Amino acid sequence: MNLSSHQKCELIRIATATLLLIGVWISPLTETARLIAFLIPYGIVGLDILITSIRHIGHGQIFDETFLMSIATIGAFILGEYPEAVCVMIFFKVGTLFEDFAITRSRKSIAELMNLSPETATVLRNGTEEIVHPSTISIGETIVIKPGEKVPLDGLVREGESTLDTAALTGESIPRHIGKNDEIISGCINLTGVLTVETTKSSETSTVSRILELVESASVRKAKTEQFITRFSRYYTPIIVSIAVFIALIPPLLFHQDWNDWIFRALMLLVISCPCALVISVPLSFFAGIGTASRHGILVKGGNYLESLTKADTFIFDKTGTITTGTFTVAKHDKNALKIAAYAGYKSSHPLSISIVQAWNNPIPYTRIQNIQEYSGKGISAQLDGKEILAGNIPFLQEHNIILPSSLPNTETVVVTAHNGVYSGCVYLHDTVKPDAQKTITALKRDYHVKKTVLLTGDRKPVADAVSRQIGIDEVHAELLPQQKVAILETLLHSQTGKTVYTGDGINDAPVLARADIGIAMGAFGSDAAIEAADIVLMDDSLEKIPFLCKIARKTKNIVNENIVFILTVKFSFLILSGIGLTTMWSAIFADVGVAIIAILNAMRMMHI
Amino acid sequence: MKITYRLNHLCCGTCAAKIERAIQKLPGVTEASLSFITQKLYLETETEVEDEIKKIVHKIEPDCTLSRI
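Structural notes, computed from the coordinates. (Residues numbered from 1 in each chain as written. Chains lettered and ligands numbered in written order. Predicted model: local features only at pLDDT ≥ 70, side-chain atom pairs only at ≥ 80, totals over all residues. Heavy atoms only, no water.)

1. Side note on unusual backbone geometry
What is expected of a backbone is that most residues other than glycine have negative phi and most peptide bonds are trans. One non-glycine residue, Glu479 of chain A, lies in positive phi territory at about 50°. When you line up the elements, Glu479 of chain A lands in the loop between strand 19 (475–477) and helix 17 (482–495). In this model, Gln39 of chain B sits at a positive phi of 55°, which is unusual for a non-glycine residue. With respect to the helices and strands, the residue Gln39 of chain B is situated in the loop between strand 2 (29–35) and strand 3 (40–45). (Helix = DSSP H or I, 4+ residues; strand = E, 2+ residues; numbered from the N terminus.)

Structural data, given as structure tokens:
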């Protein structure tokens with residue numbers, strides 16, 4: 001239990017005042033001596049409240065908690081109720097301290113969820129190992145990471161082999177193997193071997209800092225509920241003050257009621273009605289939700305996305321790399337087709353080209369290949385020894401007036417090739433559906449009221465249909481050019497009542513990710529482009545994170561609703577009771593501070609998911 | 001320009017809401033969002049408003065200090 005110096009000071013004051021109060025209460029002092037004796041503990045706990053109240057009035061802010069506490073306790077002193085006055089002030093201070101403590105504690109525990117970066121790093125300078133703070137290490141320096149240490153900065157492994165625990169970033173507990181020339185990301189824990197790493201990013205731009213930055217700034221993109229609460233409390237306070245004035249003045253003036261009674265009730269009304277509990281606990285719940293998500297490798301960029309997710313009824317998925325692993329394997333090929341496709345595609349970063357080149361596994365005569373042009377969604381053309389070669393889909397080759405055999409198979413992913421104007425065979429590729437894909441779709445439909453699931457892909461229709469059937473996706477759109485994906489998304493956005501979620505791999509899905517109500521990028525472990533474009537980033541490739549994310553969103557919303565209902569119900573009941581005159585200062589303080597603490601604790605429940 | 005500030009000793013949730021509202025009303029400010037939880041202020045503004053912000057903060061929460069990040 002770590003108290004700040006301010007909090008410790010408060011605690012001492014409260015304790016001292018309490019002891020003094022008890023001492024004075026049981027002592028046999030009378031009249032003036034008694035008054036002065038009670039004023040001492042009162043001063044210890046109450047003086048700063050009185051001063052703050054006067055200062056606030058000076059700034060034009062009259063009716064707040066400090067004013068009420070001042071008036072109430074001064075009033076009690078005037079009425080001769082010395083012990084009550086001091087008690088009330090102590091009780092108020094205790095409550096405020098608890099509230100303050102609860103807030104600090106919750107801020108800390110959420111921050112601890114994301115305690116990703118280590119305080120020290122070992123850097124090799126002039127042949128010796130120095131232990132320094134990661135922020136002092138520049139790009140290009142060499143750091144040494146021993147087993148058990150956290151990786152301090154992003155870099156490239158120069159020497160060594162080890163396994164990494166990426167749980168802090170991805171929530172995944174299976175260790176990843178890492179070796180020479182592999183990229184390494186900060187935030188992971190090095191498990192088995194010593195690694196020598198050349199840094200590629202400084203501590204400001206390392207993955208860990210960027211993630212922390214994102215999650216912290218996520219509390220700024222406020223959910224609609226948060227904005228509503230802020231606006232609500234803005235209008236609500238003047239209304240309550242007016243009612244209080246009414247209560248304080250009307251019954252005594254018009255109905256000859258006792259002034260003391262009604263002024264007291266008016267004051268209690270003001271204390272009970274303080275909207276602090278709402279204004280603190282609602283944003284805190286969203287922040288806890290975001291923090292919890294990040295603990296499991298899900299970066300949510302704003303509370304508003306978490307909220308929208310609970311209203312999502314349409315889930316759209318990209319195929320390659322999202323539903324499938326994205327690494328194609330060459331199943332079979334015609335005689336020269338693989339060679340031609342590899343020659344044409346060796347520079348391309350398209351998943352198909354990469355698998356083809358890998359399968360070719362032979363030297364590529366770069367000097368013989370010229371004028372490579374890649375056409376997105378279609379294919380690649382190039383010149384081999386001056387003669388044109390083509391590799392791409394059927395429409396692409398038909399556009400180039402290649403005559404194709406009439407019986408080309410249409411059930412698999414196929415790259416058709418041509419050489420010098422003549423068809424030269426096909427390469428047949430297989431893409432693997434992710435093992436958790438079916439479970440994910442089922443869970444979304446069964447547990448999270450998802451009405452429509454859609455698959456969008458540039459791949460062939462039969463392949464897309466087969467995949468959809470396999471995992472249970474309702475609607476398929478295949479053979480799409482990138483811009484067509486956006487168009488289809490637009491149609492779906494307009495036709496569906498709930499929110500639309502698009503999940504893709506980020507790099508070439510940026511426009512669709514941006515246009516969807518919620519854009520989720522997958523496998524973004526270090527990919528800057530994905531982190532930029534998406535609203536939510538899944539740090540690993542696991543589709544199962546999506547239903548889990550929905551679970552977090554739903555729990556957050558539930559906690560928020562619980563808190564709002566609880567706070568308003570308690571306050572309203574106490575307000576009525578105090579109107580009738582059945583409450584005391586104690587219950588008024590509970591309705592203000594106690595309620596806030598309970599709401600804060602409830603918000604922290606979010607972390608046990 | 002986009003500027004981030006850290007507010008220290010921001011104790012009261014309603015005060016934070018008041019501060020945010022007042023800053024949003026300043027001329028030149030296009031967007032202002034204050035998170036009570038992280039005690040950070042994210043500001044998008046066309047003019048230099050730091051002094052005005054300091055005044056607002058001091059008026060509503062006198063113990064609160066502002067530092068630029």
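2. Concerning the packing of aromatic side chains
Residue and element names in this part refer to chain A. Throughout the structure, instances matching the rule amount to 10 aromatic pairs over all chains. Aromatic side chains Phe574 and Phe590 sit 6.1 Å apart centroid to centroid with 45° between the ring planes, which places their arrangement in the tilted category. Of this pair, Phe574 sits in helix 20 (residues 545–580) while Phe590 is found in helix 21 (residues 585–604), placing the two residues 16 residues apart along the sequence. Overall, the relative accessible area of 17% leaves Phe574 in the buried class. On the accessibility criterion, Phe590 (35% relative accessible area) is partly exposed. Here the aromatic residues Phe38, Tyr42, Phe77 and Tyr82 are joined through ring pairs into a cluster of three or more. (Phe/Tyr/Trp six-rings, centres within 6.5 Å; stacked < 30°, edge-to-face > 60°. Buried < 20%, exposed > 50% of the residue type's maximum accessible area, 1.4 Å probe, protein only.)

3. What about the sheet that holds strand 1 (residues 2–8) of chain B?
Residue and element names in this part refer to chain B. A sheet is described by the order of its strands in space; here 4 strands give the open sequence 2-3-1-4, paired in antiparallel fashion. Every other strand in the sheet has two partners, leaving strand 2 and strand 4 (65–68) as the edge strands with one partner each. Direction aside, the axes of adjacent strands within the sheet are offset by 25° on average. Bridge analysis of strand 1 against strand 3 gives 5 bridges, and the strand direction is antiparallel. Counted as the bridge partner of Lys2 is Glu44 from strand 3. Relative to strand 2, helix 1 (residues 13–24) is tilted by about 170°, and along the sheet it contacts strand 2 and strand 3. With respect to the sheet, helix 2 (residues 50–60) is in contact with strand 1, strand 3 and strand 4, its orientation differing from that of strand 4 by roughly 155°. (Pairing = 2+ DSSP bridges. Axes fitted to C-alpha atoms, helices over the stretch in contact; angles between N-to-C directions. Contact = heavy atoms within 4.5 Å.)

4. Focus: the nonpolar core
The biggest cluster of nonpolar side chains holds 115 residues, and the ones touching the most others in it are Phe317 and Ile323 of chain A together with Ile53 of chain B. For this core, the element with the highest residue contribution is helix 9 (residues 276–295) of chain A, accounting for 7 residues. When residues no more than four places from it in sequence are discounted, the contact partners of Ile53 of chain B are Tyr5, Ile23, Leu26, Leu41, Leu43 and Leu66 of chain B. In this structure, Leu50, Phe77, Val88 and Val279 of chain A belong to the second largest nonpolar core, which totals 61 residues. (Core = buried A, V, L, I, M, F, W, Y, C linked by side-chain atoms within 4.5 Å.)

5. Here we look at the pairing of strand 17 (residues 422–433) of chain A
Residues and elements named next belong to chain A. In this structure, strand 12 (residues 324–333) lies alongside strand 17, joined through 6 bridges in antiparallel fashion. Within the sheet, the bridge partner assigned to Val330 lies in strand 17 and is Leu429. Looking at chain direction, strand 16 (residues 413–419) and strand 17 are connected through 6 bridges and run antiparallel. Along strand 17, the bridge assignment pairs Thr413 with Leu429. Between strand 16 and strand 17, which follow one another and run antiparallel, lie 2 residues, and Asn420 among them has a positive phi close to 55°.

6. Looking at the environment of Gly504 of chain A
Here Gly504 of chain A shows up in strand 20 (residues 499–504). Exposure remark for Gly504 of chain A: the relative accessible area of 0% places this residue in the buried category.

Keep in mind that these numbers describe shape and distance, not what the molecule does.
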